[in-house]
Amino acid sequence: MHNTIQMTDLSDDDQKRLALTGLEVDMKNRSGSFFQKDQDVCHITSDCEGIEFLTFSMAMEKYPWVSDYIWRAVSKDKDKYTRYVASRPDPKGFVIIAKKGTKSIYPLQACLFLSDSAIQHVHNIVIAEEESELHIISGCTSSSSRNSGAHLGITEIYVGKGAKVTSTMIHNWGKNISVFPRSATIVEENGVFLSNYVCMEPVRKIQMAPVCHLKGEGAVGRFSSVVVCTPGSFMDLGSTAVLGAKGTSAELITRAITTGGTILSRGRIDGKVKGTKGHIECKGLILRDGTIHAIPEIKGDVVDTELSHEAAVGKIARDEIEYLMARGLDEETATATIIRGFLDVKVEGLPDVLQNQIDAAIDAAEKSGF
């Protein structure tokens with residue numbers, strides 16, 4: 001049974017925090033919704049025919065074959081956080097199954113809310129069957145009254161032949177919350193995986209390094225990250241793409257701003273077979289003294305793999321500000337315009353509703369002065 005609390009039962013402050021992560025309480029532009037508060041799954045619905053949105057336990061009961069996907073993409077022995085989640089007797093989280101050929105018009109939304117527990121743990125499984133299409137918005141936040149805590153999240157995504165999964169994750173944790181997501185994706189022939197990550201609010205520590213295994217011929221993987229790191233925040237972020245079949249390609253794009261915190265921006269592409277392409281691009285802006293450490297890695301094992309990377313860290317160029325000021329903008333507006341342009345990563349093939357969500361997160365950060 002689900003706990004009967006709804007998102008609307010939360011305080012106004014906490015509802016606002018949820019809204020900043022892209023959650024829609026009225027479900028107007030959503031085809032399904034999942035809400036987990038601490039370790040209680042409070043609410044789950046799905047309105048899209050052919051796409052099932054289930055709790056972890058419901059999925060195991062209804063479809064025993066789902067157990068074949070558990071810990072297949074992510075090793076339970078990866079580190080102490082995966083071992084902790086694997087040792088829980090009653091796993092929480094969601095399972096999404098998009099049946100063959102099904103396409104969702106609106107995204108499904110998943111809210112993970114840390115309120116009273118010291119540790120929240122989840123294990124999510126996403127299975128997109130052949131030629132299906134799926135969009136997920138994950139909004140992760142903590143209560144405004146929460147002074148400490150940790151979130152441990154395992155997500156395993158399986159993209160079938162010719163299928164497409166778009167995952168947009170927006171984090172709005174608190175300055176005393178530590179976050180350790182562990183996710184991996186396996187993409188089959190001609191499958192497409194798009195991952196978007198946005199975090200612009202204070203957090204004590206985030207440490208994550210999602211991996212995309214492009215196993216089928218012609219598979220595509222793209223990671224796009226937009227982060228603002230405030231004083232006292234530590235972000236260790238990275239993504240890895242493994243080009244494991246002919247014609248696979250990957251792109252890892254990061255826009256990082258520090259206003260006093262520390263960002264480690266890692267990216268790695270492994271070209272394991274011929275006829276593969278990969279590119280890493282990391283650009284960082286230091287607005288106030290902080291640290292951005294970009295670590296792009298490319299590794300080729302064969303003759304015919306094309307891999308490239310570029311990384312740049314700097315400040316806003318004075319001549320850019322003066323150029324805009326000469327056209328009538330004051331200095332503050334000119335600076336905000338340049339920052340906004342810097343963060344504006346348009347992701348090819350991203351549905352409008354998801355691009356709007358990313359834009360809204362950037363807007364919210366801009367209004368708070370980054």
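Residues numbered from 1 in each chain as written. Predicted model: local features only at pLDDT ≥ 70, side-chain atom pairs only at ≥ 80, totals over all residues. Heavy atoms only, no water.

With respect to the overall build of the protein
The condition is simple: Each helix is a run of DSSP H or I of at least 4 residues and each strand a run of E of at least 2, with the numbering of both proceeding from the N terminus. The atom set for the radius of gyration is the C-alpha atoms, and the globule formula is 2.2 Å times the number of residues raised to the power 0.38. Categorising residues by exposure relies on relative accessible area from a 1.4 Å probe, with only protein chains included: less than 20% of the type maximum marks a residue as buried, more than 50% marks it as exposed, and the intermediate range marks it as partly exposed. What makes two residues a contact is simply this: any of their non-hydrogen atoms within 4.5 Å. Each accessible area is a Shrake-Rupley result for a 1.4 Å probe, and residues are judged covered by the shown protein chains and nothing else. None of His or the chain ends enter the tally, which takes Lys and Arg as positive and Asp and Glu as negative. Where a charge lies is defined by one atom per residue type, namely NZ (Lys), CZ (Arg), CG (Asp) and CD (Glu).
Across its full length, the protein carries 6 helices and 20 strands. On C-alpha atoms alone, the protein measures out to a radius of gyration of 20 Å, which is about the 21 Å that the 2.2 N^0.38 rule sets for 370 residues. Dimensions along the principal axes, computed over C-alpha positions, put the protein at roughly 65 × 60 × 40 Å. A burial count over the protein gives 55% of its 370 residues as buried. Look at the contacts in the protein between residues 6 or more apart in sequence, and 83% of them connect residues 24 or more apart. Carbon and sulfur atoms form 48% of the exposed surface of the protein, whose accessible area is close to 15,700 Å². Here the protein contributes 41 positively and 48 negatively charged side chains, and the mean placements of these two sets differ by 5 Å.

Overview of the sheet that holds strand β2 (residues 40-46)
Condition: Being paired, for any two strands, means DSSP has found at least two bridges between them. The angle between two axes is taken between their N-to-C directions and runs from 0 to 180 degrees, where each axis is a line fitted to C-alpha atoms and a helix contributes only its stretch in contact.
Here 10 strands make up an open sheet; going across it, the order is β2-β1-β5-β7-β9-β11-β14-β16-β18-β20 and the pairing mixed. Two strands in the sheet have a free side with no partner beyond their single neighbour: β2 and β20 (305-314). Each strand axis lies, on average, 5° off the axis of its neighbour in the sheet, ignoring direction. Of the pairings in the sheet, the one linking strand β14 (residues 220-229) to strand β16 (residues 249-258) comprises 10 bridges and is parallel in character. The residue of β16 that forms the bridge with Phe223 is Leu252. Its contacts with the sheet place helix α5 (residues 331-343) against β14, β16 and β18 (276-286), and it is angled at close to 155° to β16.

Let's talk about the pairing of strand β13 (residues 211-214)
Inspection of the sheet shows strand β10 (residues 177-187) paired to β13 by 4 bridges, in the parallel sense. Its bridge partner lying in β13, Ala184 is registered against Val211. In terms of strand pairing, β13 meets strand β15 (residues 234-243) through 4 bridges, oriented parallel. Of the residues in β15, the one forming a bridge with Val211 is Thr240.

Observations regarding the pattern of salt bridges
Just so we agree on the cut-off: The working definition used for a salt bridge is a side-chain nitrogen of Lys or Arg within 4 Å of a carboxyl oxygen of Asp or Glu.
The full count for this structure, using the stated rule, is 16 salt bridges. Put simply, Asp38 and Lys37 hold a salt bridge, and the shortest N to O gap is 3.9 Å. You'll find Asp38 and Lys37 in the same group, each marked buried. Glu52 is the salt-bridge partner of Lys62, the closest N and O atoms lying 2.8 Å from each other. Of this pair, Lys62 sits in helix α2 (residues 56-62) while Glu52 sits in strand β3 (residues 51-55), placing them 10 residues apart in sequence. Accessibility expressed as a relative area gives 49% for Lys62, which makes it partly exposed. By relative accessible area, which is 15% here, Glu52 ends up buried. Put simply, Lys37, Asp38 and Asp116 are held in one network by salt bridges that share partners.

Regarding the packing of helix α4 (residues 318-325) against α5
Our working definition: Each angle gets one of four labels, with under 35 degrees taken as roughly parallel, over 145 as roughly antiparallel, 65 to 115 as roughly perpendicular, and the rest as oblique. Crossing handedness is defined as follows: a turn of the near helix away from the far one that is anticlockwise and smaller than a right angle gives a left-handed crossing, while the clockwise case is right-handed. Ten residue types, Ala, Val, Leu, Ile, Met, Phe, Trp, Tyr, Cys and Pro, are classed as nonpolar, four, Asp, Glu, Lys and Arg, as charged, and the remainder, Gly among them, as polar.
Contact geometry for α4 and α5: axes closest at 9 Å, N-to-C directions at 120°. Between α4 and α5, the crossing angle belongs to the class labelled oblique. Where α4 crosses over α5, the handedness of that crossing is right-handed. When α4 is examined against α5, the residues Arg318, Glu320, Ile321, Leu324 and Met325 are found in contact with a partner set consisting of Glu331, Ala334, Thr335, Thr337 and Ile338. For the contact of α4 with α5, the residue count by class is 5 nonpolar, 2 polar and 3 charged.

Focus: the packing of aromatic side chains
Operational definition: Note on ring pairs: Phe, Tyr and Trp rings are taken, using the six-membered ring of Trp, and paired if centres are within 6.5 Å. Classes follow the plane angle, with under 30 degrees stacked, over 60 edge-to-face and the rest tilted. Geometrically, a charge over a ring is one whose NZ (Lys) or CZ (Arg) sits within 6 Å of the ring centre while staying within 35 degrees of the ring normal.
Under the defined criterion, the tally for this structure stands at 9 aromatic pairs. Ring geometry for Phe53 versus Phe94: centroids 5.5 Å apart, planes at 90°, classification edge-to-face. Of the two residues, Phe53 sits in strand β3 while Phe94 sits in strand β4 (residues 94-98), which places them 41 residues apart along the sequence. There is no split in this pair, since Phe53 and Phe94 are both buried. Between Tyr63 and Trp65 the ring centres are 5.5 Å apart and the planes differ by 45°, which places this aromatic pair in the tilted class. Given a relative accessible area of 15%, Tyr63 falls into the buried group. Among the aromatic residues, those joined into a cluster by ring pairs are Tyr63, Trp65, Tyr69 and Tyr158. Its end group placed over the ring of Tyr84, Arg88 keeps NZ or CZ at 3.9 Å from the ring centre. A cation over an aromatic ring shows up here: Arg327 above the ring of Tyr323, its NZ or CZ 4.0 Å from the ring centre.

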